[in-house]
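# Examination of the molecular architecture
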Amino acid sequence: MRKSVWLLSAGLVALSAPALAQQVDTSGTAVPPNDATSAAAAAVTQDSAKAPAPAASPAPAPVDLDEIVVTAQGRVQVLEDVPISVTAVGPDQMRNSGASDIRQLNQLAPSLLVSSTGSEANGSARVRGIGTVGDNPGLESSVAVFIDGVYRSRSGIGLNELGELERIEVLRGPQGTLFGRNASAGLINIISKKPSFTLGGYGEATVGNYNLRRIALGLTGPLSDTLAFRIDGVGVKRDGFLEDTNNGIDLNNRKRFFTRGQLLFQPDSNLSIRLIGDYSKRHERCCAAVYVNEDINPNIGGLNDPAQNNIVRVLRDLGQNLAAFQDPYSRDVSVSRGRGFDGRSRDGGVSLQADYDLGDAKLTSITAYRGYKASQGGDFDYGTVDILYRPDDDSSYRRFRTFSQELRLQGSAFNKKLDWLVGGYFANEDLKLQDTLRFGSQYGQFAACRLITGSPLAGAYSPTSPSCINPLARPTVSGAFGPAGPTILAAIDRLGAISDRGSTGDVYNQNSRNFALFTHNIFHVTDKFDVTVGLRYTTE
């Protein structure tokens, strides 16, 4: 499949008033984290780039937008001068709120929602309610995620720990004329801290409920007059907050490890080369769910009542504990015995960014190669009855291997009346999906019982009998269909006998090659009036 896209944007922006829709909080007010409330935290900092924490919380200081610098438009700019809608989040804001990955940015960027359904390996981000929804690994998110200038083709990769950060920028709306990869709904730009030529380090330990334990360490300093290094590491463990009452384990837990190493080479003021390598892994049990009842949604009516819903009646008769349908706040979940939500992921890569000042222009090159593999099991009927599952082993996985190259040239002209930027982008990605999705051991009985209860044969319903038909009623069932009766009865018997069937190791391969050219130009007509024109061409 080949697609080519032209994108043209133009805007007239008045900058006499403060920029709109920007979330800037420097008060240090703490916000409880989503998944665990920190009971205690200790941090030791010895880094020239980070001021030590005060002993007591000071009074909120006035926000000075002149001090907030972002690169949302591919240029180093003061936030107040950026005409697009952007939220800038600093490391102190993330630390005070307990946020450590992009999912928890929901607390700091109100227009952003990061969620996942059956797997965190392909979580999706939405900005202003717009974004790609679904766990299909072939889908790229319309809200793009960039980490240190490198596009991450699946948002779920960013759900891991991020290490020590300089800032995160959440851009709302189309950004196709600013970055190498197109982003039609928005963009999350994550910038990590660079190596420093001053020796320093930090350590942070956090404990919380559900046995949360998080340790973060880092060290930076010079290797020579022109070469500096930085290394960061994070380890997190937390018990799950849902209890699998059938298998005796907790679900939706956290177990993550992340490390990143950097080298910064600056032989002179004109050239900067930054080499980054990172590796992360997760081994978690995700994503179980409780059933909604009328306490949460009064509009569901009798959906959970076996007297009004034949499906619930069949589930009850095949062993489902209906208490799981009635009390979601107990956080007890029903998982088929022997099934699970075990998931593993590994992500790693290397990138090289070179910035060269040519005088009137600046050339930036970002070269990257990344590999990502994730496997995820699941009990997809979300109940005790064994209907549909994916094994929680490595028989089902998704694997990405991506190479990308971005070039940008930017500068100013006409006595700084024009800020111009032109760029090119290439990416080649291979995706391999191996999938095993099976009917469970009780699928056939469930399907046959559902067929019987929803037909004129309901009088023959017997969930403890083969094919869910009362043996004494089999002649009656056969006779009810005349000459076709024996054939229909045999078909019901075959349906009732289905057990542990389905796909085993199905393989899907996908390759994507993307070429793009883009330009973004700002004409400063007056001191308070700019005209922005952008153009993009993409072929994939």
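Heads up: these notes are all about the structure in this document. Since the model is a prediction, treat every value here as computed from it, not as a measurement.

## Regarding the pattern of salt bridges
- As enumerated under the stated definition, the model contains 22 salt bridges in all.
- The partner of Asp386 in a salt bridge is Arg339, with the nearest N and O atoms 2.7 Å apart. Highlighted residues: Asp386 in the loop between strand E23 (378–379) and strand E24 (388–390) and Arg339 in the loop between strand E20 (332–333) and strand E21 (342–357), separated in sequence by 47 residues.

## Topic: helix H2 (residues 310–317)
- If you check which residues of H2 are buried, you get Val312, Val314 and Leu315. The buried side chains of H2 occupy one side of the element, clustering within an arc of 160° when seen end-on.
- Looking at the buried side of H2, the elements it contacts are helix H3 (323–326) and helix H4 (443–453).
- The backbone nitrogen of Ile311 lies 2.9 Å from a side-chain oxygen of the residue at the head of H2, namely Asn309.
- Note on H2: the residue one or two positions beyond its end, Gly319, has a positive phi of about 120°.

## Thoughts on the sheet that holds strand E6 (residues 112–115)
- The strand order across the open sheet built from three strands is E6-E7-E8, with neighbouring strands paired in antiparallel fashion. Either end of the sheet is taken by a strand with one partner, and the two such strands are E6 and strand E8 (130–131).
- As judged from the four bridges shared by E6 and strand E7 (residues 124–127), these two strands associate in the antiparallel manner. Residue pairing in the sheet places Val114 in a bridge with Ala125 of E7.

## As for the state of the cysteines
- In this structure the tally under the stated criterion is two disulfides.
- A sulfur-sulfur distance of 1.9 Å marks the disulfide that ties Cys286 to Cys287. Measuring the twist about the S-S bond at about 85°, one finds the Cys286-Cys287 disulfide to be right-handed. The same class applies to Cys286 as to Cys287, namely buried.

## Overview of the environment of Glu429
- By the secondary structure assignment, Glu429 is in strand E26 (residues 418–435).
- Given the relative accessible area of 5%, Glu429 is considered buried.
- Along the backbone, Glu429 and Tyr369 are 60 residues apart, and their C-alpha atoms lie at a distance of 9.7 Å.
- Residues within four places of Glu429 in sequence aside, it is in contact with Ser153, Arg154, Phe400, Arg401, Thr402, Gln510, Asn511 and Ser512.

## A closer look at the sheet that holds E23
- The three strands lie next to each other as E23-E24-E27, forming an open sheet whose pairing is antiparallel. Each of the sheet's edge strands pairs with one partner strand only, and the pair in question is E23 and strand E27 (438–439).
- In this sheet, E24 lies alongside E23 in antiparallel orientation, the contact comprising two bridges. Within E24, the position partnered with Asp379 by the bridge is Tyr389.

Definitions and limits used
- Counting restarts for each chain, with residues numbered from 1 along the sequence as it is written.
- For this predicted model, a pLDDT threshold of at least 70 governs which residues receive local features, and a threshold of 80 or more governs which side-chain atom pairs are given and counted, while totals over whole chains, interfaces and linings are taken from all residues.
- Based on all heavy atoms of the structure, the side-chain values leave hydrogens and waters out of the count.
- A pairing counts as a salt bridge when a side-chain nitrogen of Lys or Arg comes within 4 Å of a carboxyl oxygen of Asp or Glu.
- Labels follow the DSSP assignment, with helices taken as runs of H or I lasting at least four residues and strands as runs of E lasting at least two, numbered in each case from the N terminus.
- The rule is simple: take the accessible area with a 1.4 Å probe, protein chains only, and divide by the maximum for that residue type; under 20% is buried, over 50% is exposed, in between is partly exposed.
- Directions drawn from the helix axis to the C-beta atoms are what define this arc.
- We call two residues in contact whenever any of their non-hydrogen atoms come within 4.5 Å of each other.
- We define a polar contact as two N or O atoms separated by no more than 3.5 Å, with the added condition that, inside protein, one atom must be a possible hydrogen donor and the other a possible acceptor, whereas residues neighbouring each other in sequence contribute only through side-chain atom pairs.
- We treat two strands as partners when DSSP finds at least two bridges between them.
- The definition used for a disulfide is geometric: two cysteine sulfur atoms within 2.5 Å.

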